[in-house]
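In case you want the letters, here they are:
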Amino acid sequence: MDKLVEAIRKFDNPSVVGLDPTIALLPPQLFAGAREIVGDIDTVKGRALWAAMVNAKFLEFNRSIINAVKDIVPAVKVQIAMYEALGPAGMMAYVETCRAAHEAGLHVIGDIKRGDIGSTAAAYAYHLSGIPRPNSEIFQAFDLSGGASENTSQCKCLADDERDEGKPDASREELGFFPWYEDSVTVNPYLGTDGIAPFVDAAQQADKDIFVLVRTSNPSSDEFQELMSDNDQRVYEHVADKVMQWGSDSVGDEGFSRVGAVVGATHPRVGASLRARMPRAMFLIPGYGAQGGTASDVAAMFDVHGEGAIVNSSRGIIGAWRKDPAYNSALSIEDSLQLVGMNARRAALDMRDALNTALKERS
Ligand SMILES: O=C(O)c1cc(=O)[nH]c(=O)n1[C@@H]1O[C@H](COP(=O)(O)O)[C@@H](O)[C@H]1O
């Protein structure tokens, strides 16, 4: 987590902007003329065109936000569900969003919330470690290796593209190619250690991080997470102990392991107790703003130095333009996107200031 801690310090801002676009969060003028372009929505072609158009607009919208906040926030969290919902083109919009954020110098948290049996988790973990070269196990499993020169050259070509951008170092080159542009991903611990271990290994290999769901922000999260076990511990406390264990071999120079914890802003008391229980875990704290969490709710989830946590707001930032009286439907696309960016920036600055004030006031 060293790089994330450094980025937070650089901007004196422990917050992350969530890029969770939906059609309702985009200014309607972005879809002007959609009917003519899409034609008959009840045809396969019409729906495919609509999905492609929405994805292109998501990307345009995200870029305007990234540009507006890249000099004041350290990170973005990109929620894959919003893109996946639109089919294959959505995955490209996800990747291009991550790429745009990465190229703007932002730390990219891929909110992919994966978790599965070990062999499947190993495949998901390629989000971090990169897609392997053709002579490696995953290609053999799909029978794509064995002298398949075409595949070899395809992979080499993708690696070359990256080399041209001057990104990967030699060890990354050996691993494979990196189409996702994520610095960390979220994972679900419900399947236990074998579902998490591949992510920990991949993170270690690729100098990246993971965030494990420990105490989530949503209303029914207590159905399982608060259950009491035989030894008087709640389920989320067991998960917290596992997070510490999974991260024990990867504590960085700043004192945090590669295995962080997701703790909802909507549980201030539990969050404070988890802080003490997981001193080496960086917290990713969603639930600020739209879900009701406030700066004073999350202040106790930071460590004594006011570090060790990053707070996410998605709708509260990317949808801030909707409350701006300066918005009107006659604005041009360019002007509406400028308004989106300006409001996102203002909301992000307000959030930064609120968090820093709450951190100062608690001591
Ligand atoms: O892992 C997450 O990021 C996450 C965990 C959690 O407990 N609660 C939670 O809201 N999230 C995510 O954080 C974002 C919250 O969005 P807003 O409520 O709009 O700020 C969404 O992408 C959620 O999927």
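None of the values given here were measured: they were computed from a predicted structure.

Criteria and cut-off values
Residues numbered from 1 in each chain as written. Predicted model: local features only at pLDDT ≥ 70, side-chain atom pairs only at ≥ 80, totals over all residues. Heavy atoms only, no water. UniProt positions renumbered as here; feature names shortened; annotations may be inferred. Helix = DSSP H or I, 4+ residues; strand = E, 2+ residues; numbered from the N terminus. Buried < 20%, exposed > 50% of the residue type's maximum accessible area, 1.4 Å probe, protein only. Contact = heavy atoms within 4.5 Å. Polar contact = N/O pair within 3.5 Å; in protein donor to acceptor, adjacent residues only side chain to side chain. Salt bridge = Lys/Arg side-chain N within 4 Å of Asp/Glu carboxyl O. Arc of directions from axis to C-beta. Phe/Tyr/Trp six-rings, centres within 6.5 Å; stacked < 30°, edge-to-face > 60°. Lys NZ or Arg CZ within 6 Å of the ring centre and 35° of its normal. Patch = residues over 30% accessible without salt bridge, like charges linked within 9 Å, V, L, I, M, F, W, Y side chains within 5 Å. Areas by Shrake-Rupley, 256 points an atom, 1.4 Å probe, with all protein chains shown as cover. Near = heavy atom within 4 Å. Nonpolar A, V, L, I, M, F, W, Y, C, P; charged D, E, K, R; others polar. Pairing = 2+ DSSP bridges. Right-handed = clockwise from strand over helix to strand, strands pointing away.

Peer 1: Got a minute to help me understand the UniProt feature "active site" (unreviewed entry) in the protein chain in this structure?
Peer 2: The UniProt record annotates "active site" (unreviewed entry) at K113. Counting through the fold element by element, K113 comes out in strand β3 (residues 107-114). Accessibility expressed as a relative area gives 38% for K113, which makes it partly exposed. Contacts of K113, omitting those with residues within four sequence positions, involve Q79, T186, V187, N188 and L213. A polar atom in the side chain of K113 sits 2.8 Å from the side chain of D111.

Peer 1: In this structure, what is going on with the environment of M1? I would like to understand it.
Peer 2: Structurally, the position occupied by M1 is in the segment before α1 (2-11). You can call M1 buried: its relative accessible area is 5%. Separated by 249 residues in the primary sequence, M1 and S250 have C-alpha atoms spaced 9.4 Å apart. When near neighbours in sequence (up to four residues on either side) are disregarded, M1 contacts D209, I210, F211, F256, S257, R258, V259, G260 and M282.

Peer 1: Explanation requested: the pattern of salt bridges in the structure shown.
Peer 2: Two side chains with opposite charge may pair up if their charged atoms get near one another. Scanning all chains against the criterion turns up 17 salt bridges. A salt bridge links R234 to E226; its shortest N-O distance comes to 3.5 Å. Take R234: its relative accessible area is 29%, and that puts it in the partly exposed class. Residues participating in the shared-partner salt-bridge network are K3, D207, D209 and R258.

Peer 1: Explanation requested: helix α14 (residues 268-277) in the structure shown.
Peer 2: Structurally, the α-helix is built with 3.6 residues per turn, so residues lying three or four positions apart point the same way. Residues of α14 that are buried include every one of V270, G271, L274 and R275, and no others. Buried residues along α14 cover an arc of 145° about the axis, so they all sit on one side. Exposed residues pointing more than 90 degrees away from the buried face of α14 are listed as R269 and A276.

Peer 1: Even after reading the chapter, I still don't get the packing of aromatic side chains, so can you show me in this structure?
Peer 2: Any pair of aromatic rings gets described here by the distance separating the centres and the angle formed by the planes. All told, the structure shown has five aromatic pairs when counted by the stated rule. Between the aromatic rings of F58 and Y83, the centroid separation amounts to 6.1 Å while the plane-to-plane angle is 85°, which identifies the pairing as edge-to-face. Pair noted here: F58 is in helix α3 (residues 44-69) and Y83 is in helix α4 (residues 80-84), with a separation of 25 residues, a long-range link. The class for Y83 is buried, based on a relative accessible area of 0%. Ring geometry for W321 against Y327: centres 5.0 Å apart, planes inclined by 65°, an arrangement best described as edge-to-face. Judged by its relative accessible area of 5%, W321 falls in the buried class. Among the aromatic side chains, those forming a connected cluster through ring pairs are F58, Y83, Y94 and W180. The ring of F283 is capped by R275, whose NZ or CZ atom sits 4.1 Å from the centre of that ring.

Peer 1: Hey, could you run me through a nonpolar patch on the surface in this one?
Peer 2: There is a patch of nonpolar side chains on the surface, built from I117, Y190 and L191 and spanning about 350 Å² of accessible area. For I117, the location among the structural elements is in the loop between β3 and α6 (118-124).

Peer 1: What am I meant to see in unusual backbone geometry here?
Peer 2: One can expect most non-glycine residues to show negative phi and most peptide bonds to be in trans. In this model, D12 sits at a positive phi of 45°, which is unusual for a non-glycine residue. Mapped onto the elements of the fold, D12 is located in the loop between α1 and β1 (15-19). Positioned with a positive phi, D232 is a non-glycine residue whose angle comes to about 60°. When you line up the elements, D232 lands in the loop between α12 (222-225) and α13 (235-246). A relative accessible area of 62% means that D232 is categorised as exposed.

Peer 1: Looking at this structure, I do not really get the site of the ligand. What am I missing?
Peer 2: In the vicinity of the ligand, 17 residues are found, and the nearest of them are D20, S217, Q291, S314 and R315. Between the ligand and the protein, one listed contact pairs an oxygen atom with a side-chain N or O atom of K77 at 2.9 Å. In this structure, a nitrogen atom belonging to the ligand sits 2.6 Å away from a side-chain N or O atom of S217. Breaking the shell around the ligand down by element, the ones donating at least two residues are β2 (75-79), β3 and β10 (309-313). Residues that form the shell around the ligand fall into these classes: five nonpolar, seven polar and five charged.

Peer 1: When you look at the pairing of strand β8 (residues 259-263) in this model, what are you seeing that I'm missing?
Peer 2: Successive residues of a regular strand alternate their side chains across the two faces of the sheet. Judged by how many residues are buried, β8 sits mostly within the fold: five of five residues are covered. Neither face of β8 is open: one carries V259, A261 and V263, the other G260 and V262, and all of them are buried. Relative to β8, strand β7 (residues 209-215) runs parallel, the two being bridged by five bridges. Bridge assignment links L213 to a residue of β8, and that residue is V262. Of the strand pairs in this sheet, β8 and strand β9 (residues 283-285) are connected by two bridges, and their pairing is parallel. The partner of V262 across the bridge, within β9, is L284. Traced from β8 through α14 to β9, the parallel crossover comes out right-handed.

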